[in-house]
Amino acid sequence: MKRDWVKIVLGIYTVFIIFIFYLPLILVAILSFKSDASITFPILGFSLYWYIGPPGLVGTSGFTSGIFYDPQIGQAIINSITLGVINASIVVPLVICAALTLRYAFKGRDLIFYLLLAGFVMPAIIIGLGANIFYKTIGITEYSIWTVLPLHIVYTMPFGLILTMARFDPLMVEYENVARVLGASGWKVFRKITFPLIRTQVISTFFFAFTLSLSEFLRSSFVIAGVGTIPTYVYNQMSVTAPTPKWFALGTLSMAISLTLLFVIAYILTRGQRRII
Amino acid sequence: MPSALSVKNLVKRYGRNVLALNGVSFEVDKGDFFVIIGPSGCGKSTLLRCVAGILDYDSGDIYIDGRNVKDVPAHKRNISYMPETYALFPHMRVYDNVAFRLRMHNFDESEIKKEVKRALELVGLAGFEERWPSELSGGQRQRVALARAVVANPSLLLLDEPLSHVDYRLQRKLMEDFKNIHKNLGNTWILTTHIQEQGLSLADTLMVMNVGVIEQKGKPHEIYESPRTVFAARFVGDINLYSGQVVEQKGELCVVKTNLGEFKGIYKGTGELVGRTVAYGVRPNHILISPVGEHRENSFKARLVSAYYFGEFIEYIFEVAGGVQVKVHADPMPVKLGEEYAVSWDTVRGIILDKPSVIEGLNIEDVIYGR
Amino acid sequence: MTEERRSEAEIRESPLIKFVRKNARYLLILPPLIVVILFLVVPSLMILLLSFNKGSVTRFDPTNISLDNFIAVFSRPSTYIILRDTLGMSVLAALITLLVAYPVAYFISFKIQNFQLQGIITFMLVAPYWVDWSIRSISWLSILGEKGLVNYTLMSLGLIKQPLSELLFTRWTLLIIWVQTNLLFMIFPIYLSLTLIDPDLINVARTLGASPFKAFTKITFRLSLPGVVIGIIFVFISTLGDYVTPALWAGGLQMLGLTVQNYAWHFNWPMAAAYSVLLLAVTLGVIWIVLRFANIKQVFYK
């Protein structure tokens, strides 16, 4: 049996890249257990302080605590997750609408397609700043996750659109036509024919929209106030205080949850399917 | 009794330039096996899709079983449509594919099970209920698509090029099956194809289309023996065509002067042809080959240049000085390539046509020589 | 029987309902379109309008139109230096990311036959992105800093005496971070493009005499260009307009990130807007150029 050298070399390379990818994360995880407050090497001791330590025990820059006792972090986590879920829930139907309509040729289709993709293309400051001005102009002065939400939708929708459209069965319209002649009215066609065919893409879109929303920072920072989302909160804190392993603890926690979730989803999606994304 | 399908002045344009259907009108009798043939792009698929209700058209009327379906959406028309790609739902098993129409009309499950079984038996796929479309061969997929289309016995069945992607032997078998099922069910079938043999052997009624218009409609043997235009003559059955001038016309009998000589033939039209350029045609299987010297009506000398084996006959190709060719279909004969022979045919086999096509403004010589 | 009566009723349905029913499939584009117009087109227009105002206004003032901002932008030599630096770094980032990403995408799409395994690897690549960006960024401090992992390991192994200080807060830091941040968004479109290639095309090329390498360069790579282009565009977009990463990790002293200027002019929004317009123009220009290389539409529809 001939050895596929290309496969072996590329395989090693890919593993190396994945390792590089995960290096920061592994580090984050390890360093979150540091017993002192700096985030550099060497590691002198391990402790769970940054997770569950009550306020005041260790600290070089004053008042500090583990994430368990930090109400603001808790709020930030809730905000981020809520925003992520709502964003994904709205983006999915919007992407379905757009992807299904863009199958048909009509006047202006290209323009609309590029316009929908533009949400990804537009530099974040322009969207952020522009939205800020827009809100001011129409009189919205209070910022919350609701002011951030539309920006996330515009930003994550193109990704879902690309994901969904790239995997369309070219015969999809024909299946729908046949179904209609066989007696299925519009909504039934969608439920029984169209949707099952795009179900994997829809699920992927949901999770990518959630992911992108979680780590979206640039646009959000223009229209947020108070505790904000995890990224904006962390960034704000960073600008004010020196980094401590506390943030790593936060990162490790969210990582653990995310990875578990992801593997579960990956398993569900790939079971019996011939394609993943 | 209203016809199964009546189309009046159907016009369909794609964009601004492409006129797919140019005021098409025709009727299909109930219980007929109606075949539409024509070259690719002639509009037969478009026509079928308009009738099915999945394609909008610009003007005209479509009556199915006597009622105007202009505002009736596809799912209320009670007909069946099978596209060229079969379009079996890939995410459903054979059972669910075939059961689809019944489910849409809210039959209950026990009824559905019976009907699906019946339909699958009808197409020769008994026991295939649990299979997935991806596991089936092309021929099997076709049968499942057919089963799906005939279940619950719709009054009208539309099949778009069902036999175009099937190998020859399977084609013959499927053609037989189609006719049997049609006879069994007694409904009306409309089938399109660009393969003329299929049209000739399957059709109760045959309709020839050409770029958005109907060239001729009638019984297959009528069109074969008495084509009304050059296009129809060429598209239905093989034919040798030459242009010539009419020198005499006496009732149906005409004398035409061509480059190969003067020939007598039959003209079934109503025009005054003397002096006009017409097409003179004779089918390859009506031509006799004989040694030079034997004199017959309508003959000329030619050199045998090639012979092709078609199994059931041999296609002999003769050439005259100047490159003009004649095709002859005959049983194997003791002839030699390169030798000269006399080809001849009976006057009654000479077809004279003055109309190149239903489409106006075409030059008859262009159509004859396929320009 | 009831069918006939029903069809008569349908003929009497109101023209509005008929219009909606016939065009429903096209009207579906409205929801996403409206959202995009409201929250993308309108804000952009507002920025454009604001760039014509002068002073410290935060809302468009129609009485205060002037081109002063743009004159200022284009007459400053610093503008051009920034442009040059930013574009240079972005191009570099795009190329490096492409080089790093392509083999991975190729490996996953061509060399892994088991789809479940493909899925697992893909998700493993996606997973880090679920850890949010800022935390991932901080970790770089711990890796590249003077007391970070790299230096610590190298010093403990005795390979260097002094900690390398060029790892952090330099252009290289920026590149490393940019590549790491955008790697997935380059891998993914390339992977997609590669999986859409009909393997028969490559097989035929081989039978026609192409070596595996030639088959790759002339067939596979060419056919994957739409994905490559999308990936490159993504990297450009995220790097051209990135102001945070240069500020945090490249010392901010580097005039990288045209948008660093934007931020600096925080209280002079019209100027920030003017620079934003410039940024947008540059971004669109770059995208337009890159799109010449491949027709990305064909990945999505005919």
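Each value, and the rule that gives it
- Residues numbered from 1 in each chain as written.
- Chains lettered and ligands numbered in written order.
- Predicted model: local features only at pLDDT ≥ 70, side-chain atom pairs only at ≥ 80, totals over all residues.
- Helix = DSSP H or I, 4+ residues; strand = E, 2+ residues; numbered from the N terminus.
- Contact = placed C-beta atoms within 7 Å.
- Buried ≥ 20, exposed ≤ 12 C-beta atoms within 10 Å, placed from the backbone.
- Pairing = 2+ DSSP bridges.
- Axes fitted to C-alpha atoms, helices over the stretch in contact; angles between N-to-C directions.
- Core = buried A, V, L, I, M, F, W, Y, C linked by C-beta atoms within 7 Å.

A.B. asks: Explain the overall build of chain A residue by residue, including any values.
C.D. replies: Of the regular secondary structure elements, chain A holds 10 helices and 0 strands. Counting helices and strands in the order they occur from the N terminus, chain A gives α-α-α-α-α-α-α-α-α-α. Once local pairs closer than 6 in sequence are excluded, the contacts in chain A between residues at least 24 apart make up 72%.

A.B. asks: Run through the overall build of chain C, naming residues and quoting values.
C.D. replies: Across its full length, chain C carries 16 helices and 0 strands. The 302 residues of chain C split such that 43% are buried. Within chain C, counting contacts between residues at least 6 apart in sequence, those at least 24 apart form 69% of the total.

A.B. asks: Outline helix H2 (residues 94-104) of chain B, listing residues and values.
C.D. replies: Among the residues of H2(B), those classed as buried are B:Val94, B:Asn97, B:Val98, B:Ala99, B:Phe100, B:Arg101 and B:Leu102. In this structure, the buried residues of H2(B) make contact with helix H7 (172-181) of chain A together with helix H3 (109-122) and helix H4 (138-150) of chain B. Positioned one or two residues after H2(B), B:Asn106 has a phi angle of 60°, which is positive.

A.B. asks: Tell me about the pairing of strand E6 (residues 79-82) of chain B, and please be specific about residues and values.
C.D. replies: Residues and elements named next belong to chain B. In E6, alternate side chains face the same way, and those of Ile-79 and Tyr-81 on one face and Ser-80 and Met-82 on the other are all buried. Across 4 bridges, the pairing between E6 and strand E7 (residues 156-160) is parallel. Bridge pairing links Ser-80 to Leu-157 in E7.

A.B. asks: Please give an account of the sheet that holds strand E17 (residues 314-319) of chain B that cites residues and values.
C.D. replies: Residues and elements named next belong to chain B. Strand order in the open sheet formed by 5 strands is E15-E19-E16-E17-E18, with antiparallel pairing between adjacent strands. The two strands at the open ends of the sheet, each matched to only one other strand, are strand E15 (288-291) and strand E18 (325-330). Strand after strand, the sheet turns through a mean of 45° between neighbouring axes, direction not considered. Strand direction decides the pairing type here: E15 and strand E19 (residues 340-344), joined by 4 bridges, are antiparallel. Paired with Leu-288 across the two strands is Ser-344, which belongs to E19.

A.B. asks: Go over unusual backbone geometry, please, and point to the residues and values.
C.D. replies: Residue and element names in this part refer to chain B. In this structure, Asn-9 is a non-glycine residue whose phi angle is positive, near 55°. Summarising the element assignment, Asn-9 is placed in strand E1 (residues 5-14). Overall, the presence of 12 C-beta atoms within 10 Å leaves Asn-9 in the exposed class.

A.B. asks: Could you give me a rundown of the nonpolar core, with the residues and numbers involved?
C.D. replies: General note: in soluble globular proteins, nonpolar side chains tend to be found buried as a group. One finds A:Val154, A:Leu161, C:Ala105, C:Ile187 and C:Ile190 to be the most contacted residues of the largest nonpolar core, which totals 129 residues. Of all the elements, helix H9 (residues 171-195) of chain C adds the most residues to this core, at 15 residues. Once residues lying within four places of it in the same chain are set aside, the contact partners of C:Ala105 are C:Ile187, C:Ile190, C:Tyr191 and C:Leu194. Membership of the second largest hydrophobic core comes to 107 residues, among which are B:Tyr86, B:Val236, B:Val282 and B:Tyr341.

A.B. asks: Describe in detail the sheet that holds strand E8 (residues 188-193) of chain B, supporting the description with residues and values.
C.D. replies: Residues and elements named next belong to chain B. An order of E6-E7-E8-E3-E9-E10 is seen for the 6 strands of this open sheet, with the pairing classed as mixed. Both edges of this open sheet fall to E6 and strand E10 (213-218), since each of them pairs with a single strand only. Direction aside, neighbouring strands of the sheet carry axes that sit 15° apart on average. In the packing of H4 onto the sheet, contacts are made with E6 and E7, and the angle to E6 comes to roughly 165°.

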